[in-house]
Amino acid sequence: MEEYDISIMRAIKYIENGIHGEITLDQIADEAAFSKFHFTRVFKAVTKESINQYIRKRRLTLAAKDLIETEMPINQLALDYGYTTQEAFTRSFKSFTGLSPHSYRKKGSHFHNLYKAELNESALKRTKQHADYPAQIVKMSTFFIAGLKCKEIVDNHQISKLWNRFYDELQEASIDPNTVPCYGYESLDDADVPFYIAAIKVDSLERLPEGWIGVKIPGYKYVSFTLYNDIEQIPYAIEYIYKIQLPAMNLKPDLNFNLEFYDVDYAANDPAYTLKILIPIK
């Protein structure tokens, strides 16, 4: 590993060992053998997030797991993960998952697509050294998709929370999400504002469930890219595809959308699975 990588991994080990206690930036920077000014910039440049964001996501991820896998009181969990009050923990947890700690425990199922895994050497290497994603030109026939539209600002975290709501709706409609392929549709509305739909394939756009949005996917030529199953890295993978891989392949995107494809039985952030990005091309 490079010297910067070694420093970052030392810092990660220090954070993980002290995740239940108070962790200061001075302590982390000392462990990494950097000034805190330079360490914060190195860490964000490499990992695409701040050190505080990483710690917050790791604590909330571990708290979410504890809510389901243990019977520890919520007020004790709050203290255990660095929150001075249960109210502060509840606000942060709801912002992270879309549910209160009590509701999450009652639901009893993990939101794996929101969980932040501990940074390791292989993940660190992937963030720094992009390799081209496997690509294939495909011709697809016309079909229809329908589902829920993201009502918040379209970012990766809000999209993940949208998928969790959509899975709940599928189950309420007696559809097992693990038995149907799913699609993520991203485009611009009439005011050129980005929007995203979490969807499944449907036979037609008539008589959709209340609140669902339907889209006709045109029969067209697409380039399909296979991505690692790392939800947080999807935006950076798409950025790389558009900036580097499409021009290198001499391919020009067409139409006004791209499409994510999640096959049957897909499990978020499970390395045994992959996902696909489909981009219409001229």
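Cut-off values and rules
- Within any chain, residue numbers begin from 1 and follow the written order of that chain's sequence.
- Residue-level local features of this predicted model are given only where pLDDT is at least 70; pairs of side-chain atoms are given and counted only at 80 or more, and the full residue set underlies all totals for whole chains, interfaces and linings.
- Derived side-chain values reflect all non-hydrogen atoms in the structure, with water molecules and hydrogen atoms excluded from consideration.
- Throughout, exposure labels follow a simple rule: accessible area from a 1.4 Å probe, protein chains only, divided by the maximum for the residue type, with under 20% read as buried, over 50% as exposed, and the rest as partly exposed.
- A helix here means a DSSP run of H or I that spans at least four residues, while a strand means a run of E at least two residues long, and both kinds are numbered starting from the N terminus.
- Pairing between strands is defined by DSSP: at least two bridges between them are needed.
- Lines are fitted to the C-alpha atoms to define the axes, a helix being fitted only along its stretch in contact, and any angle between axes, read from their N-to-C directions, falls within 0 to 180 degrees.
- Should an angle lie under 35 degrees it is considered roughly parallel, over 145 roughly antiparallel, and from 65 to 115 roughly perpendicular; all remaining angles are considered oblique.
- Handedness of each helix crossing follows the sense of rotation of the near helix against the far helix: counterclockwise by less than a right angle gives left-handed, clockwise gives right-handed.
- Working rule for contacts: check all heavy atoms of both residues, and any pair within 4.5 Å makes them a contact.
- Residue classes follow a fixed rule: Ala, Val, Leu, Ile, Met, Phe, Trp, Tyr, Cys and Pro count as nonpolar, while Asp, Glu, Lys and Arg count as charged, and any other residue, Gly among them, counts as polar.
- For a helix, the expected span equals 1.5 Å multiplied by the residue count minus one.
- The reported arc concerns the directions from the helix axis to the C-beta atoms and nothing else.
- In this text, buried Ala, Val, Leu, Ile, Met, Phe, Trp, Tyr and Cys residues form a nonpolar core when linked through side-chain atoms within 4.5 Å.
- Residue-level confidence of the predictor is summarised by pLDDT, bounded by 0 at the bottom and 100 at the top.
- Put simply, two rings from Phe, Tyr or Trp (the six-membered ring, in Trp's case) pair if the centres are within 6.5 Å, and we call them stacked under 30 degrees between planes, edge-to-face over 60, tilted for the rest.
- Only Lys NZ and Arg CZ are tested; either one counts as a charge over a ring when it is within 6 Å of the ring centre and within 35 degrees of the ring normal.

Turning next to the pairing of strand β2 (residues 143-149). Counting buried positions over the seven residues of β2 gives five, a clear majority of the element. Looking at chain direction, β2 and strand β5 (residues 213-217) are connected through five bridges and run antiparallel. The residue of β5 that forms the bridge with F144 is K216. Where β2 and strand β4 (residues 194-202) come together, six bridges link them in antiparallel fashion.

Attention now goes to the packing of helix α1 (residues 3-17) against helix α2 (residues 25-32). Orientation of α1 relative to α2, taken along the N-to-C sense of each, is 135°, at an axis distance of 8 Å. Here α2 runs oblique to α1, going by the angle between their axes. The two elements α1 and α2 cross, and the hand of that crossing is right-handed. Of α2, the residues touching α1 (which contributes S7, R10, A11, Y14 and I15) are Q27, I28, E31 and A32. Here the residues of the contact of α1 with α2 are counted per class, giving five nonpolar, two polar and two charged.

The next thing to look at is the pairing of strand β7 (residues 257-262). For β7, the buried fraction is high: six of the six residues fall into the buried class. With burial as the criterion, each face of β7 is covered, one bearing F257, L259 and F261 and the other bearing N258, E260 and Y262. The sheet contact formed by β7 and strand β8 (residues 274-280) spans three bridges and is antiparallel. Across the sheet, residue E260 finds its bridge partner in β8, namely I277.

Each full turn of the α-helix corresponds to 3.6 residues, which orients residues three or four apart in the same direction. The first and last C-alpha atoms of helix α4 (residues 51-69) sit 27 Å apart over 19 residues, in line with the 27 Å expected at 1.5 Å per residue. At its buried positions, α4 is contacted by α1, α2, α3 (36-47), α5 (74-80), α6 (86-97) and α7 (101-107).

With 12 residues, α3 extends 16 Å between its outermost C-alpha atoms, agreeing within 8% with the 16 Å of an ideal straight helix rising 1.5 Å per residue. Of the positions making up α3, those classed as buried are F39, V42, F43, V46 and T47. Along the axis of α3, the buried positions cluster into a sector of 100°, meaning they face one direction only. Looking at the packing, one finds that the buried side of α3 touches α1, α2, α4 and α8 (121-128). Once α3 finishes, K48 follows within two positions and takes phi at roughly 70°, a positive value.

If you look at the biggest cluster of nonpolar residues, it comprises 39 residues, and the most contacted ones within it are I8, I15, I28, F39 and F89. Going through the elements one at a time, α1, α2, α3, α4, α5, α6 and α8 are the ones with two or more residues in this core. Ranked by residues supplied to this core, first place goes to α4 with eight residues. Excluding residues that lie within four positions of it along the chain, I8 makes contacts with F39, V42, F43, V46, L119 and L124. If you look at the next biggest cluster of nonpolar residues, it comprises 32 residues, including C150, L227, Y266 and I277.

In this section: the confidence of the model for the protein. For the protein, the mean per-residue pLDDT works out to 94, and 100% of the residues sit at or above 70. Averaged pLDDT values over the elements of the protein bottom out at 82 in α8 and peak at 98 in β2.

By convention here, two paired aromatic rings are described through the distance between centres and the angle between planes. Taken as a whole, this structure holds 22 aromatic pairs when the rule is applied. Relative to Y54, the ring of F43 lies with its centre 6.0 Å away and its plane at 75°, an arrangement referred to as edge-to-face. A residue pair is termed long-range when its members are at least 10 positions apart, and F43 in helix α3 and Y54 in helix α4 qualify at 11 residues. Each member of the pair, F43 as well as Y54, carries the same accessibility label: buried. Taken together, W163, F166, Y167, W212, Y262, Y266 and Y273 form an aromatic cluster joined through their ring pairs. A cation over a ring is seen here: R41 above F37, with NZ or CZ 3.7 Å from the ring centre. It is K48 that lies over the ring of Y236; its NZ or CZ is 5.5 Å from the centre.

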